[in-house]
Each structure stands twice: as C-alpha cells, then as structure tokens.
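Chain by chain, the residues run as shown.
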Amino acid sequence: MSNVVINPYNFAAGFTDTYSFEFDGVDEVIDLGASSTVGNTGIWSLSFWVKGASQGHYINLFAAAYYNNWTFYEAKDANLMFRNINGVAFTLMTDVFDDNWHHIVVLRNPSGADKTLRTYKDGANETNITLDWRFGAGGLYNGALRYIGGHATGGGIVGLMDEISVWDSELSTADIATIYNSGTPGDLTSLSPIAWYRMGEEANWDGSNWTLTDQGSSGIDGTSVNMDEADRKAETP
C-alpha cells in the first residue's frame, strides 16, 4: 500500500511508452484528490488504453463522489458500461475486456447529440447511447474525475491501464485516429489534453511512494493511492 503523487510535467525531447499500471481489483486505485476539476464540464472527451480479461459484474473504472457522472463508468464481463442514478445499466461498447489491449474514447454530449455518450474502440467502431434528462449538457450530477482504476471503496478493474487523457472539448474523428495511431500510443502534446496520466511512464519509486506526472495542464497535485512497486509493468499496447 503506497501513495501515488500527481505533479505537472512537460516532455523533454523524445517520446517513449514503456510502462503501464496494473490494478488488482481489490484496493488499488489512483486518487486525484477532492480538489480535482478534471472533466467537470458539460462536454468532454476521455481517452484510455486498457487490457483485462472478463471483469465480472459492474466493476468501477472511473469514479468521483456518488451522484457524479464519472462514478458510473464500469465494466461488466467483457463490456464497457454506464450506469445511471436509477441503477439502469447501458452497454457502451462490447468485447473490451478480452485480455487484449484496446483503445477507448468516450465523448460526452458531442455536437448535435445532447444527452449522448459516443464511444469509439480502437480508432473506429462508433456507438451512441442516448440517456435521460439527468444527463443533459452540464447536467445534474456532473462532476470531476477523481478515481482511476476503481473507487474509494475499492472494487476496481483487474488489469492494466495506460495513457489516460481528458479534454474539455469534443475530439474529432481525425483526433481519435491520431490518438489510436494504428494501435501504438503516441505523443498527445499537440492535442492539448487538460489532463494526461501516462500510468507508469516517467514515474519514480522512492521506496514507499510512486510519483506520477500529469502531463496535461490541469495542475492536479498529488494524492494517495494503493499501488505497490511491482504494479508498474513493462507492458504497453
């Protein structure tokens, strides 16, 4: 059990993607802290890489405080899910957790599609899910991202996550293709994410804590998480 510290960071010359973080599904989760403002807008885009086998039922991936919209991004078996405040579950994307690396993009309220979650897998495979009035632009229960890989109470993903990034705008299909990069994560600097967690890249272990870097511009300060030294894996998409 250890701390993960998130600090602002800018790239030096060159780009590599060597590491990801592995979550055990029990008590390992990255906590951005109560002051996080990441994704606290009516329109945003979320990008991440994930690898895991079938997850069981309703496993948290991204969370905030209860009744915030980020709380409800989950895995169920092989599928990526969204669960609304009435407990109704929507399948956003199938065959995500099949023990292979996949790249996922979620757009909230894209142009001309209010109350919609639009999801892409591996640069394409678009799906659209229309939700109820509680999911309107800027809507009720809209809140910032706080937890990655689980929730404050545990019960998170069993698997690897890498290159998590957030925009407070809508990514275009060309942007999504650029991020997917034919299946190899690339430098996102030119796309200006507001937050970018490289999940092991540029991380330092001091004997008790990991120091991670937010390579976007959100400036989130460090918070505590249960991650052991061995949880940084030399495996990426």
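Above this note sits the structure.
Just so you know, these numbers come straight off a predicted model, no measurement behind them.

**Some points on the nonpolar core**
Okay, so step 1: Among the nonpolar cores identified, the biggest contains 38 residues, and Leu-46, Phe-62, Ile-148, Met-161, Ile-164 and Met-199 are the most heavily contacted of them.
Okay, so step 2: Looking at which element gives the most residues to this core, the answer is strand β4 (residues 44–51), with four residues.
Okay, so step 3: With residues up to four places along the chain from it excluded, the contact list for Ile-164 reads Leu-46, Ser-47, Phe-48, Phe-62, Ile-148, Ala-195, Trp-196, Tyr-197 and Met-199.
Okay, so step 4: By size, the runner-up hydrophobic cluster in this structure holds ten residues, among which are Trp-167, Leu-171, Ile-176 and Ile-179.

**What to know about the sheet that holds strand β3 (residues 30–31)**
Hydrogen bonding along the main chain pairs the strands of a sheet, whether they run parallel or antiparallel.
Okay, so step 1: The sheet built from six strands is open, its strands ordered β3-β12-β5-β6-β7-β8 with antiparallel pairing. Edge positions in the sheet fall to β3 and β8 (89–93), since each of these pairs with one other strand and no more.
Okay, so step 2: Inspection of the sheet shows strand β5 (residues 59–63) paired to strand β6 (residues 73–76) by three bridges, in the antiparallel sense. Within the sheet, the bridge partner assigned to Asn-60 lies in β6 and is Glu-74.

**Considering empty space enclosed by the protein**
Okay, so step 1: For the structure shown, the criterion picks out two cavities of 30 Å³ or more.
Okay, so step 2: Here the second largest cavity is characterised by a volume of approximately 40 Å³.
Okay, so step 3: For the lining of the second largest cavity, the per-class residue count stands at four nonpolar, three polar and one charged.

What counts, and at which threshold
Residues numbered from 1 in each chain as written. Predicted model: local features only at pLDDT ≥ 70, side-chain atom pairs only at ≥ 80, totals over all residues. Heavy atoms only, no water. Core = buried A, V, L, I, M, F, W, Y, C linked by side-chain atoms within 4.5 Å. Buried < 20%, exposed > 50% of the residue type's maximum accessible area, 1.4 Å probe, protein only. Helix = DSSP H or I, 4+ residues; strand = E, 2+ residues; numbered from the N terminus. Contact = heavy atoms within 4.5 Å. Pairing = 2+ DSSP bridges. 1 Å grid on protein atoms, 1.4 Å probe; cavity = no way out; pocket = protein on both sides within 12 Å on 5 of 7 lines; lining within 4 Å. Points joined across faces, edges and corners; volume = space filled by probe spheres on them. Nonpolar A, V, L, I, M, F, W, Y, C, P; charged D, E, K, R; others polar.

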